[in-house]
Amino acid sequence: MSDVERQDGCGNGRAGIGLTSVEAWASKEKFGDNRLTERKTKSFWAALRENFGDPMIKILCAALVINMLLVIASYLGWVPDKMAWYEPVGIAAAILLATFVSTLSEYRNENAFRKLQEEASKIQCKIYRDGEIKELPIDGIVTGDAILLQSGDKVPADGVLIEGALKVDQSALNGESKEAAKTAVPSDYKDEETAIHFLNPYKVWRGAVVVSGNAVMRVTVVGDRSVYGEIAKELQTEEERDTPLKIKLNALAKGISRFGYIGGIVIAIALLFQRIVLANHGNISEIAVYASNWTHLLSDLIHAVMLAVIIIVMAVPEGLPLMIAIVSALNMGKMLKDNVLVRKIAGIETAGSLNMLFSDKTGTITKGKLEVVTFADGAGTEYKRFKEIPDGLRRYVSLAIFHNTDAVLSGEGSQQKAIGGNGTERALLTFAAGSSSSGGNAIAITEKIPFNSHNKFSATTIEGDAGGASDATLTLIKGAPEKLLDRCGYYLDKDGNKMKWSGLAELNRNIDALAARSIRVLAFAMYEGKIVNPNGSIDDMLPEGDGWTLAGVIGIRDEVRPESITAIAEVRRAGVQVVMITGDRKETAVAIAREVGLLKDRDDIVLTSDELAALSDEEVKADIASIKVVARALPSDKSRLVKIAQELNYVVGMTGDGVNDSPALKKADVGFAMGGGTEVAKEASEIVILDDNFNSIDKAILYGRTIFNSIRKFIVFQLTINVSAVLINFAAPLLGQENPLTITQILWVNLVMDTLAALAFGGEPALKRFMREQPKRRDEGIVSPSMWSSILTGGLWTFALSLVFLFTAFVRDRFTAVSGNDTLHTGYFAFFVFTAVFNAFNARTETLNLFDNIRGNKGFLRILSLIIMIQVLLVYAGRQVFNCFGLSLPQWGLVLLFAVSIIPVDLVRKAIIFARNMRDN
């Protein structure tokens, strides 16, 4: 028995291996320990301070400063009109709420992510210290430590094997799904390698997983200097990039600022023109008299400047950052319940704009777990479940499964779980779990040939009571059909009787059909007698001829997640091109891609890594819209594809779970890391898919589109008000009406329609129809032509009604009977606010049904009701501050009639657009 086996068996260490505590301390002082440098996380206050750098927030801060100066100037008597103190307070509140909500949401999710990472890093390793084996945390490993590695362990550091042999899964590091064999270094081994070679038979690297075997490794590199650590460190130096949404909002902020500046200046000039020219009837002598009174001229000039500033401030939608923060926070909470952890708000915003998604196959599109899907006997009869196999035959199949394996069943009854061995052996045991036909209790294994990729089979000789199946010495063989079937001259019928077999051709056709469905096939055979030579070639190990007996063939596959088929179809309907990237061979990849609906058209392209490498970037760009599958993919393929797609202006998403995926995850516009993946992959991502399910990526795209659509709804609502306000404040002075709305009233409209409306639109529900929309291009403006039609229709209609309200005798006569123009302006103030309220119903849905999914946003009606109640209160109680004098019932009727008319006008606009779209399609 080897030292490793003795350690594994009794749990006692031994002298002469590993370090003492003193040596471990000295090694730590010299080389450091195994901790990875944690990515520097921002404190809440640092993140809050950084969010103040947003261009929209900067504009709001500038508006806040201007407002504060005007309020101070008005209270000092330097300007003729009193400025309301609550406007700068409202802007300040909007700024603080927007930055605080977005920072808090991201900070809380990042903390939840950190806890996940901490749990993942609490790995206990079996380390030889002071002559005995101890379980110590992974961070406590030092250079020179001897570590016991067993099946299922994750390699905790870089090093070499000094005893034993292993098979390791290095796919997290190099993307290669094939298990790599590792063995102990020979006594004369010299490490002269200067580059990383993952196929080195003696070396193991942090992040690899032990699939089978037992060994002791000597640690040579720890912490940040390991391959795993180097990759993690490189990712921390990458610069943050602007998201497509941020680019669009920056362009919108510049456009709004320009509109506000031009509008403010033009309105100031119009007001001065009215005061200087129109008020003096265009008479030169009267204008000269007016100009000679410099105090009067200065007062009018200050008033014009104040009005220009107010219009500029009003043009800035201070509620937009708050609305983005609210809708992002609400959706991040919903997504966490759907197993989607958003680390960065930018990730979910950008997910809605994806038009290219590179997705892993294993564990994302498939379940990531091998399952037996069928068993066929020599006569071609198929059985889907182990218990369906007839008793006589099942006894022999049980022998083949339970006694020719390195895996074992743990637990009792329904709680049984296969552990150890490789994935195939665990799948076979799971298939047979719960069976009482394990072959008897008095069976001894006398010889064994382990599976290896060269021989493509394993064999075991058993002796003793076989539970009624056989009492003779029996050799069980399990392996690739092409290795076994030619040697089989007999098969077992359903009763377990040995029968002459001549069905090889038919069985091979069935095997080919299974392979076309990406099902891997293993054959079970047996013969009476022992293994001839356990150390020879396949011909030496087992007797030649056709005297073997076929028990049957079993089909194993990594099952496609049923929900993935639906999710992929929905994502593709949403205009997102899905490209499956896998380390599998081309035939398997094609079969899976066809099953999930990725390969449908004749022009669809499937490439292997070698075929992709043979193409230039320009050739890939020409074909990228047709590429659907990349098989035998390398990590470098993923990064290259992301770079090429981004150069073509695609908004790119990438899924991944391994260390090798991290550069591509970081480079993509949105990186989706799998919850069961490596810590480095999660660090490189914006979003963590906790259940490793493609369906969750579908949900992330939906929530991203919900945020984008909510932002657009708010912009339509806000800009409609801005356009109408600027137009009426420009035209009214030219028509002899100086202030259709007082400065205080304008500030109130601005405050209510920004901050409260942001809350109203922030709760919009995620609707499945958003997934039927085409994704937005990276360079596409956030305000679409349809939105402009809504903004201009609503703005111009409100402006036209404003002119009718303020300048026609029909309306003026109905408002001058009580208190003259004061009542007219009170009515106009109420009309303007109520028009905005009714237009909110137009803005929140693009359909003709104004109450479409209104129950999904219960806050919408509550907030609009609050605005209406406050407005009615101001009409009757806001005399001093808002210059309001109450309205009679007939006057209220006229106000509401004018205001509600914006709804049918916009419905006509929607109907025209709908009819035109139907005609074009």
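Remember, it's a predicted structure, so these values are computed and weren't measured experimentally.

Summing up its helical and strand segments, the protein chain has 33 helices and 26 strands in all. Per-residue burial over the protein chain gives 54% buried out of 921 residues. Excluding contacts between residues fewer than 6 apart, the proportion of contacts in the protein chain whose partners are at least 24 apart in sequence is 73%. In the structure as shown, the protein chain presents an accessible area of about 39,700 Å², 56% of it carried by carbon and sulfur atoms.

Let us look at helix H25 (residues 694–734). The α-helix advances 3.6 residues per turn, and as a result positions three or four apart in sequence lie on the same side. In this model H25 runs 61 Å from its N-terminal to its C-terminal C-alpha over 41 residues, within 8% of the 60 Å that 1.5 Å per residue would give. Among the 41 residues that make up H25, 36 are buried, leaving the element largely enclosed by the rest of the structure. Sitting at the amino-terminal end of H25 is Asn 693, which places a side-chain oxygen 3.0 Å from the backbone nitrogen of Asn 695. Just beyond H25, the residue with positive phi is Gly 736, at close to 95 degrees.

Strand order in the open sheet formed by eight strands is S8-S26-S25-S24-S9-S21-S23-S22, and the pairing between neighbours is mixed. The outermost strands of the open sheet, each flanked by one partner alone, are strand S8 (340–342) and strand S22 (605–608). Adjacent strand axes in the sheet meet at a mean angle of 20 degrees, parallel and antiparallel pairs treated alike. Sheet analysis places strand S24 (residues 652–656) next to strand S25 (residues 670–674), joined by four bridges and oriented parallel. Bridging across to S25, Gly 656 finds its partner in Ala 673. Those strands touched by helix H19 (residues 586–596) are strand S21 (577–581), S22 and strand S23 (627–631), and its axis lies near 140 degrees from that of S23. Against the sheet, H25 touches S8, strand S9 (356–360), S21, S24, S25 and strand S26 (687–689), its axis set at about 160 degrees to S9.

Attention now moves to the packing of helix H18 (residues 562–573) against H25. Running from N to C, H18 and H25 point in directions that differ by 30 degrees, and their axes come no closer than 8 Å. Classified by the angle between their axes, H18 and H25 sit roughly parallel to one another. For the element pair H18 and H25, the recorded crossing hand is left-handed. Here H18 contributes Glu 563, Ser 564, Ala 567, Ile 568, Glu 570 and Val 571 to the contact with H25, which in turn contributes Phe 694, Asn 695, Asp 698 and Ile 701. Across the contact of H18 with H25, the residue classes break down as five nonpolar, two polar and three charged.

Before going further, it helps to spend a moment on the nonpolar core. In terms of nonpolar packing, the biggest core is built from 112 residues, with Phe 672, Phe 694, Ile 782 and Phe 805 touching the most fellow members. With 19 residues, the top contributor of residues to this core is H25. In this view, Phe 805 contacts Val 811, Arg 812, Phe 815, Leu 824, Gly 827, Tyr 828, Phe 831, Val 895 and Phe 898; residues no more than four positions away in its chain are not counted. In terms of nonpolar packing, the next biggest core, distinct from the first, is built from 30 residues, Ala 400, Ala 418, Phe 524 and Ala 551 among them.

This part covers the pairing of strand S5 (residues 180–183). Side chains of S5 alternate between two faces, with Ala 180 and Lys 182 buried and Ala 181 and Thr 183 left unburied. Relative to S5, strand S4 (residues 158–169) runs antiparallel, the two being bridged by four bridges. From the neighbouring strand, Leu 166 faces S5, where its bridge partner is Lys 182.

Applying the stated criterion across every chain, the model contains 30 salt bridges. Between Asp 604 and Lys 628 there is a salt bridge; the shortest N-O distance is 3.4 Å. Taken together, the residues Asp 604 in the loop between H19 and S22 and Lys 628 in strand S23 connect sequence positions 24 residues apart. Judged by relative accessible area, which is 8%, Lys 628 ranks as buried. When the shortest N-O distance is used, the salt bridge between Arg 909 and Asp 906 registers 2.8 Å. Here Arg 909 and its partner Asp 906 are both found in helix H33 (residues 902–920), three residues apart, which amounts to about one turn of the helix. This pair shows no difference in class: Arg 909 is buried, exactly as Asp 906 is. Three or more residues are tied together by salt bridges with common partners; here these are Asp 617, Glu 618, Lys 621, Arg 640, Lys 643 and Glu 647.

Mapped onto the fold, Asn 34 is located in the loop between helix H2 (21–31) and helix H3 (44–51). Excluding residues within four positions of it along the chain, Asn 34 makes contact with Ile 138, Asp 139, Ile 141, Pro 156, Ala 157, Arg 206, Val 222 and Gly 223.

Take Ile 519: it is sitting in the loop between helix H16 (504–516) and strand S19 (520–528). The spatial distance from the C-alpha of Ile 519 to the C-alpha of Ile 592 is 9.7 Å, given a sequence separation of 73 residues. Ile 519 has contacts with Val 373, Leu 514, Gly 555, Ile 556 and Arg 557, leaving out every residue within four places of it along the chain.

Inspection of every chain in the model, using the stated rule, returns 17 aromatic pairs. Summarising the aromatic geometry, the rings of Phe 831 and Phe 898 are spaced 6.3 Å apart at their centres and angled 85 degrees between planes, so their arrangement reads as edge-to-face. Pair noted here: Phe 831 is in helix H29 (residues 821–843) and Phe 898 is in helix H32 (residues 889–900), with a separation of 67 residues, a long-range link. Across the pair, exposure class does not vary: Phe 831 and Phe 898 are buried alike. Aromatic rings pair up to connect Phe 714, Phe 717, Phe 761, Phe 841, Phe 851 and Phe 860 into one cluster. One residue, Lys 500, lies across the ring of Tyr 490, its end atom 4.8 Å from the ring centre.

What follows is about the environment of Lys 203. Within the secondary structure, Lys 203 is located in strand S6 (residues 203–204). When its relative accessible area of 12% is taken as the criterion, Lys 203 is described as buried. Residues Lys 203 and Thr 220, 17 residues apart in the sequence, show an inter-C-alpha distance of 9.7 Å.

A word on the packing of helix H27 (residues 785–807) against H33. Between H27 and H33, the least distance of the axes is 10 Å, while the angle of their chain directions is 150 degrees. Considered as vectors, H27 and H33 are oriented roughly antiparallel to each other. The way H27 lies across H33 gives a crossing that is right-handed. Across the interface between the two elements, Ser 786, Ser 789, Ser 790, Thr 793, Gly 794, Trp 797 and Thr 798 from H27 touch Ile 902, Val 905, Asp 906, Arg 909 and Ile 913 from H33. Its residues placed into classes, the contact of H27 with H33 shows four nonpolar, six polar and two charged.

With that settled, consider the environment of Glu 371. Looking at the element boundaries, Glu 371 is found in strand S10 (residues 366–376). Residues Glu 371 and Thr 424 lie 53 residues apart in sequence; the distance between their C-alpha atoms is 8.2 Å. Leaving out residues up to four positions away in the same chain, Glu 371 has contacts with Ala 427, Gly 555, Ile 556, Arg 557 and Glu 559.

Conventions used here
Residues numbered from 1 in each chain as written. Predicted model: local features only at pLDDT ≥ 70, side-chain atom pairs only at ≥ 80, totals over all residues. Heavy atoms only, no water. Helix = DSSP H or I, 4+ residues; strand = E, 2+ residues; numbered from the N terminus. Buried < 20%, exposed > 50% of the residue type's maximum accessible area, 1.4 Å probe, protein only. Contact = heavy atoms within 4.5 Å. Areas by Shrake-Rupley, 256 points an atom, 1.4 Å probe, with all protein chains shown as cover. Expected span 1.5 Å × (residues − 1). Polar contact = N/O pair within 3.5 Å; in protein donor to acceptor, adjacent residues only side chain to side chain. Pairing = 2+ DSSP bridges. Axes fitted to C-alpha atoms, helices over the stretch in contact; angles between N-to-C directions. Parallel < 35°, antiparallel > 145°, perpendicular 65-115°, else oblique. Left-handed = near helix turned anticlockwise from the far one by under 90°. Nonpolar A, V, L, I, M, F, W, Y, C, P; charged D, E, K, R; others polar. Core = buried A, V, L, I, M, F, W, Y, C linked by side-chain atoms within 4.5 Å. Salt bridge = Lys/Arg side-chain N within 4 Å of Asp/Glu carboxyl O. Phe/Tyr/Trp six-rings, centres within 6.5 Å; stacked < 30°, edge-to-face > 60°. Lys NZ or Arg CZ within 6 Å of the ring centre and 35° of its normal.

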